[in-house]
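Here is what each chain is made of, one letter per residue.
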Amino acid sequence: MTISYKLRNTSTYALDGTTVQNTVQDILYKEDGVVKLAIPKDEGNSDYQNYLAWVAEGNTAEAAD
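Described below are features of the structure shown in this document. (Residues numbered from 1 in each chain as written. Predicted model: local features only at pLDDT ≥ 70, side-chain atom pairs only at ≥ 80, totals over all residues. Heavy atoms only, no water.)

Moving on, we come to the overall build of the protein. Of regular secondary structure, the protein possesses one helix and three strands. Each helix and strand of the protein, ordered N terminal to C terminal, gives the series β-β-β-α. Over its C-alpha trace the protein gives a radius of gyration of 14 Å, far above what one expects of a compact globule, namely 11 Å for 65 residues. Considering only C-alpha atoms, the protein reaches an extent of 45 × 25 × 20 Å along its principal axes. Every one of the 65 residues in the protein was classed for burial, and the buried ones make up 25%. The contacts in the protein between residues at least 6 apart in sequence include a share of 39% that link residues at least 24 apart. Accessible surface computed for the protein: about 4500 Å², of which carbon and sulfur atoms make up 49%. Placing the 5 positive and 10 negative side-chain charges of the protein at their respective mean positions leaves the two points 5 Å apart. (Helix = DSSP H or I, 4+ residues; strand = E, 2+ residues; numbered from the N terminus. Rg over C-alpha atoms; globule rule 2.2 N^0.38 Å. Buried < 20%, exposed > 50% of the residue type's maximum accessible area, 1.4 Å probe, protein only. Contact = heavy atoms within 4.5 Å. Areas by Shrake-Rupley, 256 points an atom, 1.4 Å probe, with all protein chains shown as cover. Lys, Arg positive; Asp, Glu negative; His and termini not counted. Charge placed at Lys NZ, Arg CZ, Asp CG, Glu CD.)

In the sheet, strand 1 (residues 3–13) pairs with strand 2 (residues 20–31) via 11 bridges, with the strands oriented antiparallel. Each residue of the ladder has a partner; that of Y13, found in strand 2, is V20. Between the end of strand 1 and the start of strand 2, which pair antiparallel, lie six residues, with G17 showing a positive phi angle near 80 degrees. Of the strand pairs in this sheet, strand 2 and strand 3 (residues 34–39) are connected by five bridges, and their pairing is antiparallel. From the neighbouring strand, I27 faces strand 3, where its bridge partner is I39. As consecutive antiparallel partners, strand 2 and strand 3 are separated by two residues, and within that stretch D32 has a phi angle of approximately 50 degrees, a positive value. (Pairing = 2+ DSSP bridges.)

In this section: the environment of T19. In this structure, T19 sits in the loop between strand 1 and strand 2. You can call T19 partly exposed: its relative accessible area is 39%. Spatially, the C-alpha atom of T19 lies 25 Å from that of A38, the residues being 19 residues apart in sequence. For T19, the contacting residues outside a window of four places in its chain are T12, Y13 and A14. A polar contact of 2.6 Å, which involves the side chain of T19, links it to the side chain of D16. (Polar contact = N/O pair within 3.5 Å; in protein donor to acceptor, adjacent residues only side chain to side chain.)

In structure tokens:
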């Protein structure tokens, strides 16, 4: 099983549909290339802690599109 992560930017828009009001970044957890879970950047989240440990081991997440 190959585990990897990808950063994802998600934007919310104003009522006009074009003006970006806010952008939030989360992390996609992937197994064998398939996205299994979206992880918020929350220190209290155990999946986020696993991601931080993975990065501390010298790994790098794929950049956001």
